[in-house]
Amino acid sequence: MGDPLAEHLGAVGLIDHHVHGYWLHTGSRRAFENGLNEANTDPLAAFDSAFDTQLGFAVRAHCAPLLGLPAHADAETYWAARSAVSDSELGQRFLRAAGVTDWLVDTGFGDGVSDLPTMAAGTGGRIHEVVRLEAVAEHAAAQPGDYAGAFDAELAQRCRGAVATKSILAYRGGLRGDLSEPTAGEVRAAAQRWRAEGGRRLTDRVLLRFGLHRALRLGKPLQFHIGFGDRDCDLDAANPLHLLSFLRQAGETPVMLLHCYPFEREAGYLAQAFNNVYLDGGLAINYLGARSAGFIARLLEMAPFRKILYSSDGFGPPELHYLGAALWRRGIHSVLAGFVRDHEWSPADAVRVVDLIAHENARRVYRLE
Amino acid sequence: MGDPLAEHLGAVGLIDHHVHGYWLHTGSRRAFENGLNEANTDPLAAFDSAFDTQLGFAVRAHCAPLLGLPAHADAETYWAARSAVSDSELGQRFLRAAGVTDWLVDTGFGDGVSDLPTMAAGTGGRIHEVVRLEAVAEHAAAQPGDYAGAFDAELAQRCRGAVATKSILAYRGGLRGDLSEPTAGEVRAAAQRWRAEGGRRLTDRVLLRFGLHRALRLGKPLQFHIGFGDRDCDLDAANPLHLLSFLRQAGETPVMLLHCYPFEREAGYLAQAFNNVYLDGGLAINYLGARSAGFIARLLEMAPFRKILYSSDGFGPPELHYLGAALWRRGIHSVLAGFVRDHEWSPADAVRVVDLIAHENARRVYRLE
Amino acid sequence: MGDPLAEHLGAVGLIDHHVHGYWLHTGSRRAFENGLNEANTDPLAAFDSAFDTQLGFAVRAHCAPLLGLPAHADAETYWAARSAVSDSELGQRFLRAAGVTDWLVDTGFGDGVSDLPTMAAGTGGRIHEVVRLEAVAEHAAAQPGDYAGAFDAELAQRCRGAVATKSILAYRGGLRGDLSEPTAGEVRAAAQRWRAEGGRRLTDRVLLRFGLHRALRLGKPLQFHIGFGDRDCDLDAANPLHLLSFLRQAGETPVMLLHCYPFEREAGYLAQAFNNVYLDGGLAINYLGARSAGFIARLLEMAPFRKILYSSDGFGPPELHYLGAALWRRGIHSVLAGFVRDHEWSPADAVRVVDLIAHENARRVYRLE
């Protein structure tokens, strides 16, 4: 309609290279609102409402029409309309509307959310698994015998059909400090200690480092939680610059920096500095709502365009799986149309970069199809 | 005039939740210019002029008309017109023009500036006191007997009519490091040491921590200087992320992060992560002048809209008390009108968020009226 | 042509206060592309192209016309046209087109690039030398006898005709930690140690600190690499806030913070906080391409307008010497025109600030002419 870039963005299929399941049972409105706050681990205060945030406003602006409501319907109306639809129907409706051809699903944090078959059945998209390294470690701790061997066996088995691994080191002590490969003896000793303590929730640094280096050796892309997340993660310790020494040793295995806010410029620098480093805006795009275009623009600074990917990081309310795509399409349109208007980019360049970020980079790096 | 949001912003009454007195005696033009530089503790260099900054340009753009001059009057003309008006008249004229209904005045740094009765008499606004914790400590050090008891008595007495406490920990060693509550024995020993050294300018870490936890117990909002200030404060050590452990222990007492530049995105994250954390842009808005809209926009990223407040942090030249309000009204109009134009927000949402930040959030959290 | 600010910016002569030589022999297309990536020290990956970056797009947009091509000519066409022109002609064509009257050339990193006479002959601009402190130290290490004396003699000799010194401390261990002046005994001992190890590539902290303080005493502006550079430099350790203690001791010698990305707001704060601190955007402007206007705007936040300078930091492909100027002219036009349109600045103020940054500040601080 006079704007080929907008038309292209309306139609382009996305690869959502980092996402989780959607809720099978939403529960109360309060539970829903807690699901719209990423950082807070307490229940929302009585005086507050997650609808009065950029994310809440974006849900009302972009998700309301999928419930048959006008854009910007108020919170009560939105909640009422949403409550009249089953969780299963909500999941399918929002995920289908995202225009995603491939979902790369991190199955490491899955209580109460859709599993892979459910996502496959409902959405029409292809499903690929991302294996969480800390879950592999916790499985290995529960096995008898050699820890390293158990880890390797489990990693190999889980990764047979998987496309990537993922580390939440940011939540298990942070990215700061030595991330070199431990020796076999150090791993044995650490595993013994950890098992003796019960072998639950891995925070042992030696074993975390071990897992990362096993993932490097595997060669499949290794995703890292970076920046914005819940407050159990010390945001300062999730700055990707702490990975510098690790990246200097990482060889050729692709390393994917996820979300990155408010360190997206540092992440972009790393994507320029290392042939194997990539980044996305992940869930920050959802949480920034009307402010997401500015963030998407900053992702397009130092990072080479063949190193930037799309993801929603949707978890819980299926609105997030859809909204990430809707906001990304709008935001990158606004940014690239500005570049074209200022004669800094050609219109054809803008379309080409959209394709790179929407799916080409992900298809190449994850070897999809 | 065709723009209901602009009309609303022109009329809405503000609560300036963190401000100081204005100068009773300006002195020379050089002294005035030094008053327009926050960070520098030396006199301005001979080659420089504080008029050649964003703040200086903003003073000429927005304050000149209140002196009967055209906008952008040059520095010499501005200074001449200002010098023809008494300090008392300047104070009243600029403060009245700010459209502020309530001033929450930090009285901890008050040499040469208006006291509470003067501000009350001149401005037509209600005056509320904010008590500086370090001043309470320094008073307690000068009392005989038990330090903790003297601190508690002084804090209780000063806070009877006050609405909040304030900490300038950022200037007394910074926010880094352990901020847990010290034991009674540690406090006793530290007080003894400090008193033996003369009991002036508190920098003892144990006693600073003690004061913070007493303020938490009091339950009135606790304001923290964050980020941008003068160079006696190590900017890096004023990053609000250093407060993470403290906030995890802070319970329900509201914690107000002031100014925040250039860490406003980190502060916004904390406001999402903790039910009791709030933020403002404070004096950074004045110092950013023509660039303040972008900063105001970043304050509207991760922070829930019920957690954002307005303040000028005006101190010294009464231009600052007015200019903070003028720039905030213009800046947030530009930001929110953009959201509405892009169909991300409804016009009614924009008006509602203006009211939250202008006065509703402050009224609720400080329990005004 | 209706826009006096644009006309002024099209014509204003620039002082490029930090730049290097241009390539005398480009080599292969791959070598050229590696020259368009600052951060990566490895050869670019096979799947990647430096043309698919903001810098690559900016080269196609702004440099193509100087090769007789339309703006946005594709990479193959650009490379073919460029290959048809000699390196010498490329250097002269791009440097002349930059509209630079004075080049301040850092000669510390000069293999394979134009020397001062070549730059003088080719460009029509005046050439001034900037002396690298680490090169002075490495020369002194190779002399017999007292290290400090050899350093001082070499510094004095090299600086006779030079306008400034430069430190790449960011690449030699980073800016963190003690930067106080070492004692004569410490210097002697450190020099002995270093000479015993061969006296190559200086990373000894004592001798680095010694060099900085010698440069301070000399009184000529001291340039620091800050922020964005190649990955041998730990970006985190190149944050200018680490210089705080050093700046508190630096006296009146001008300290120039170069590039600064992504710490430009921190650098601007330091420029406000210290009478002798200045900043520029350096090579970050080139690497940000279509995003450079936003960066230029952030340079105009806390920094007084008499403390901001222009540089390209061009090294290697002479496109960079031209593009820095072209992007700066476009970017600052867009930023300042916005301020004027919003009635925050007067048109005359905008022209005056352009002159300050383009050449007046550099002329004053480097005492040119």
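What counts, and at which threshold
- Residues numbered from 1 in each chain as written.
- Chains lettered and ligands numbered in written order.
- Predicted model: local features only at pLDDT ≥ 70, side-chain atom pairs only at ≥ 80, totals over all residues.
- Heavy atoms only, no water.
- Helix = DSSP H or I, 4+ residues; strand = E, 2+ residues; numbered from the N terminus.
- Rg over C-alpha atoms; globule rule 2.2 N^0.38 Å.
- Buried < 20%, exposed > 50% of the residue type's maximum accessible area, 1.4 Å probe, protein only.
- Contact = heavy atoms within 4.5 Å.
- Areas by Shrake-Rupley, 256 points an atom, 1.4 Å probe, with all protein chains shown as cover.
- Least-squares fit on C-alpha atoms with pLDDT ≥ 70 in both.
- Core = buried A, V, L, I, M, F, W, Y, C linked by side-chain atoms within 4.5 Å.
- Buried area = accessible area lost by both parts, 1.4 Å probe.
- Salt bridge = Lys/Arg side-chain N within 4 Å of Asp/Glu carboxyl O.
- Polar contact = N/O pair within 3.5 Å; in protein donor to acceptor, adjacent residues only side chain to side chain.
- Nonpolar A, V, L, I, M, F, W, Y, C, P; charged D, E, K, R; others polar.
- Arc of directions from axis to C-beta.

Topic: the overall build of chain A
When its secondary structure is counted, chain A shows 16 helices and 7 strands. Here chain A has a C-alpha radius of gyration of 20 Å; the compact-globule value for 369 residues is 21 Å, and the two agree. C-alpha extents for chain A along the principal axes are approximately 65 × 50 × 40 Å. Of all 369 residues assigned to chain A, the portion counted as buried reaches 65%. If you take every contact in chain A between residues at least 6 apart in sequence, the share linking residues at least 24 apart comes to 75%. For chain A, the accessible area works out to roughly 12,200 Å², and carbon and sulfur atoms hold 52% of it.

Digging into the relation of the copies chain B and chain A
Taken as rigid bodies, chain B and chain A are interconverted by a rotation of 120° and an axial shift of 0.0 Å, the fit giving an RMSD of 0.0 Å. Expressed as a symmetry operation, the mapping of one chain copy onto the other fits a three-fold axis. Across chain B, the rotation axis passes nearest the C-alpha of Gly294 of chain B, at a separation of 5.9 Å. When the interface residues of chain B are mapped onto chain A, a mere 3% of them are again interface residues, pointing to distinct binding faces.

Description of the nonpolar core
In this structure, Trp328 of chain A, Trp328 of chain B together with Tyr147 and Trp328 of chain C are the most contacted members of the largest nonpolar core, which totals 389 residues. In this structure, Trp328 of chain C is in contact with Leu9, Leu14, Ile285, Ile296, Tyr310, His333, Val354, Ile357 and Ala358 of chain C, ignoring residues within four places of it in sequence. With 13 residues, the next largest nonpolar core counts Met256, Tyr278, Ala362 and Leu368 of chain C among its residues.

A few points about the interface of chain B and chain C
In this assembly, 41 residues from chain B lie in contact with 32 residues from chain C. Approximately 3,300 Å² of surface area, both sides summed, lies buried where chain B meets chain C, with 51% of it carried by carbon and sulfur atoms. Where chain B packs against chain C, one counts 6 salt bridges. Linking chain B with chain C are 26 residue pairs in polar contact (both at pLDDT 80 or more).

Considerations on the interface of chain B and chain A
Each side of the interface is counted separately: chain B has 33 residues, and chain A has 41 residues. Where chain B packs against chain A, one counts 6 salt bridges. Between Glu344 of chain B and Arg330 of chain A there is a salt bridge whose closest N-O contact spans 2.7 Å. The interface formed by chain B and chain A contains 26 residue pairs in polar contact (both at pLDDT 80 or more). Listing elements by their share of the side of chain B that touches chain A, those giving two or more residues are α11 (244-249), α12 (264-273), α14 (292-299) and α16 (347-365) of chain B. Looking at the side of chain B that touches chain A residue by residue, the classes come out as 15 nonpolar, 6 polar and 12 charged.

Some remarks on helix α7 (residues 133-141) of chain C
Residue and element names in this part refer to chain C. Every buried residue of α7 is accounted for by Leu133, Glu134, Val136, Ala137, Ala140 and Ala141. Burial along α7 is one-sided: seen end-on, the buried residues are contained in an arc of 155°. Looking at the buried side of α7, the elements it contacts are β3 (126-132), α8 (147-159), β4 (162-167), α9 (184-196), α10 (205-218) and β5 (222-226).

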